[in-house]
Amino acid sequence: MPARKSTEKAPVTQGKKAAAQAAAAADPRSVACPKCGTVVDTSVVSTLLAGSDQLKALFAGTLNRPECPECGTLFLIDEPLVYRDTASAFIAYQVAMPEDGDTSAIEQEIDCMATDISSSEETERPTVRVTFTRSDFIEKIALRNDGYDDRLIEYAKFQLLKSLDSEELNHRRHRLLFDFSNQNPDIIAFIVFDRENNQPVSRVHVQHGDYDALLEEFTSSTQLMLELDALFPSCYVSCDRLIG
Ligand SMILES: [Zn+2]
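Residues numbered from 1 in each chain as written. Predicted model: local features only at pLDDT ≥ 70, side-chain atom pairs only at ≥ 80, totals over all residues.

1. Brief notes about the sheet that holds strand β9 (residues 200-207)
We count it as follows: Should DSSP find at least two bridges between two strands, the strands are taken to pair. Runs of E in the DSSP output that reach at least two residues are strands. Runs of H or I that reach at least four are helices, and both are numbered from the N terminus. Every axis corresponds to a line fitted to the C-alpha atoms, with the helix fit spanning only the stretch in contact, and the corresponding angles, defined between N-to-C directions, vary from 0 to 180 degrees. Throughout, a pair of residues is in contact if the C-beta atoms placed from their backbones lie within 7 Å.
An order of β7-β8-β9 is seen for the three strands of this open sheet, with the pairing classed as antiparallel. Looking at which strands have only one partner, the edges of the open sheet turn out to be β7 (174-178) and β9. Taken over all neighbouring pairs, the strand axes of this sheet differ in orientation by 30° on average, direction set aside. The sheet contact formed by β7 and strand β8 (residues 187-194) spans five bridges and is antiparallel. Paired with His174 across the two strands is Asp194, which belongs to β8. Together, β8 and β9 form the strand contacts of helix α6 (residues 208-219), whose direction differs from that of β9 by roughly 60°.

2. Observations regarding the pairing of strand β2 (residues 39-45)
The sheet contact formed by strand β1 (residues 26-32) and β2 spans seven bridges and is antiparallel. The residue of β2 that forms the bridge with Val31 is Val40. Joining the antiparallel neighbours β1 and β2 is a turn of six residues, in which Gly37 adopts a positive phi near 85°.

3. Describing the sheet that holds strand β6 (residues 127-131)
Taken together, four strands build an open sheet; the order of strands is β3-β4-β5-β6 and the sheet is mixed. In the strand order of this sheet, the two ends are held by β3 (47-49) and β6, each with one partner. With strand direction ignored, the average angle separating the axes of adjacent strands in the sheet is 15°. Sheet topology places strand β4 (residues 81-85) next to strand β5 (residues 90-94); five bridges connect them, and they run antiparallel. Bridging across to β5, Asp85 finds its partner in Phe90. The sheet contacts of helix α3 (residues 104-121) involve β5 and β6, and relative to β6 the element is tilted by about 155°. Across the sheet, helix α4 (residues 134-145) touches β4, β5 and β6, and the angle it forms with β5 is around 170°.

4. Here we look at the nonpolar core
In plain terms, the rule: Throughout this description, the term nonpolar core refers to a group of buried Ala, Val, Leu, Ile, Met, Phe, Trp, Tyr and Cys residues whose C-beta atoms join them within 7 Å. Burial is judged by counting the other C-beta atoms within 10 Å of a residue's own C-beta: 20 or more makes it buried, 12 or fewer makes it exposed, and any count in between marks it as partly exposed, with every C-beta position built from the backbone. As used throughout, domain bounds are those supplied by an automatic or database domain assignment.
Ranked by size, the top nonpolar core spans 23 residues in total, and within it Leu48, Tyr83, Ala92, Tyr93, Ile110 and Val130 carry the most contacts. Only α2 (53-60), β4, β5, α3, β6 and α4 provide two or more residues apiece to this core. Three or more residues apiece are contributed to this core by two domains, here domain 1 (6-138) and domain 2 (148-243). Among the nonpolar cores identified, the runner-up in size contains 10 residues, and Leu143, Ala156, Leu161 and Phe190 belong to it.

Here is the structure:
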């Protein structure tokens, strides 16, 4: 992964500006190939709209990933991204993790911005999410597009990890990511990633019926929905919050 640059100081402000633009833009950029140093002229996308070609490229793993014409290396330009789906009032951000690991300021900034957007545009407050890795960013968009409540999915992950807890599979060493390529409608599949090297090590799933029952249980109870709000009080919705 390329070294973080100091220009990432204000990713959210950049994202806000980008989100306000109607069309997705690609900025021309010259970047040195991390392997051979050849300067590659490319373009970097920072805003993604629902249904766009840029979104397809994100899911295909090709977004902001130029190929060096000299040595053939594909390398990722891992810069902040914002996804906006106006129809379903959803905005997701991928920003750099603060060096001290304290995400509270970013969470607050994004939550405030969502409120500002809705009051200035006189629309419903969008659902906003912040993520700190590209895989989490993709997961948020995939869950939203597939009609899931990501808070319940994170809750289900937590339950699943708790029930499977063993030497081979546990939350300290592993994390789960929604498998959007799963074709079996009866299950919700997750890929198990090793936290240390970020490599997939196995796959687990929950029955779709169990998720539906969980959804029904929560949505039919004001008390449980309040508890869900309390479990995930900000735009940073992650199973790791529950593990603590
Ligand atoms: Zn190269």
